[in-house]
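Observations on the three-dimensional arrangement
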Amino acid sequence: MTLHLVEIRGRSMWWTWIIRDSAGVLVEESRTQFRSAEAAELEGRTRMTELKTRG
């Protein structure tokens, strides 16, 4: 699995995360926006760990 951070431009800078499997297929995308890349990455990595242990 890989984690991709995406910058969302608008009133202020926001970030979201996207998790893809090894073939590049979308597994999950955040439904929440984050005010920093660090916050998005932390949440995304946590979710990726949950998906791996559940799988």
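These numbers were taken from a predicted model, which means no experiment stands behind them. (Residues numbered from 1 in each chain as written. Predicted model: local features only at pLDDT ≥ 70, side-chain atom pairs only at ≥ 80, totals over all residues. Heavy atoms only, no water.)

1. As for the pattern of salt bridges
Enumeration over the complete set of coordinates arrives at 4 salt bridges. Here arginine 47 ties to glutamate 28 by a salt bridge, and the two come within 2.7 Å at their closest N and O atoms. Here arginine 47, found in helix 1 (residues 37-54), pairs with glutamate 28, found in strand 3 (residues 26-29); they are 19 residues apart in sequence, far enough to count as distant. Salt-bridge contacts for glutamate 41 lead to arginine 45; the nearest nitrogen and oxygen are separated by 3.0 Å. Residue glutamate 41 and its partner arginine 45 are both found in helix 1; the two are separated by 4 residues, about one turn of the helix. According to the relative accessible area criterion, glutamate 41 is partly exposed, its value standing at 31%. Relative accessible area serves as the criterion here: at 43%, arginine 45 is assigned to the partly exposed category. (Salt bridge = Lys/Arg side-chain N within 4 Å of Asp/Glu carboxyl O. Helix = DSSP H or I, 4+ residues; strand = E, 2+ residues; numbered from the N terminus. Buried < 20%, exposed > 50% of the residue type's maximum accessible area, 1.4 Å probe, protein only.)

2. A look at the sheet that holds strand 2 (residues 14-20)
With antiparallel pairing, the 3 strands of this open sheet are ordered in space as 1-2-3. Strand pairing shows two members of the sheet lacking a second neighbour, strand 1 (2-8) and strand 3, which therefore form its edges. Mean inter-strand twist for the sheet, computed between neighbouring axes without regard to direction, equals 25°. As judged from the 7 bridges shared by strand 1 and strand 2, these two strands associate in the antiparallel manner. If you follow isoleucine 8 over to strand 2, its bridge partner there is tryptophan 14. (Pairing = 2+ DSSP bridges. Axes fitted to C-alpha atoms, helices over the stretch in contact; angles between N-to-C directions.)

3. A look at the side chain of arginine 47
Within the structure, the side chain of arginine 47 is placed 2.7 Å from the side chain of glutamate 28, a separation counted as a polar contact. The contact partners of arginine 47, leaving out residues within four places of it in the chain, are Trp17, Ile19, Glu28 and Arg54. (Polar contact = N/O pair within 3.5 Å; in protein donor to acceptor, adjacent residues only side chain to side chain. Contact = heavy atoms within 4.5 Å.)

4. A look at the nonpolar core
Across soluble globular proteins, nonpolar side chains show a tendency to be buried alongside one another. By size, the foremost hydrophobic cluster in this structure holds 9 residues: Leu3, Trp15, Trp17, Ile19, Phe34, Ala37, Ala40, Met48 and Leu51. Those elements that place two or more of their residues in this core are strand 2 and helix 1. It is helix 1 that contributes the most residues to this core, 4 residues altogether. Excluding anything up to four places from it in sequence, phenylalanine 34 contacts Met13, Trp14, Trp15, Trp17, Ala39, Ala40 and Glu43. (Core = buried A, V, L, I, M, F, W, Y, C linked by side-chain atoms within 4.5 Å.)

By themselves, these are just geometric observations and shouldn't be taken as functional.
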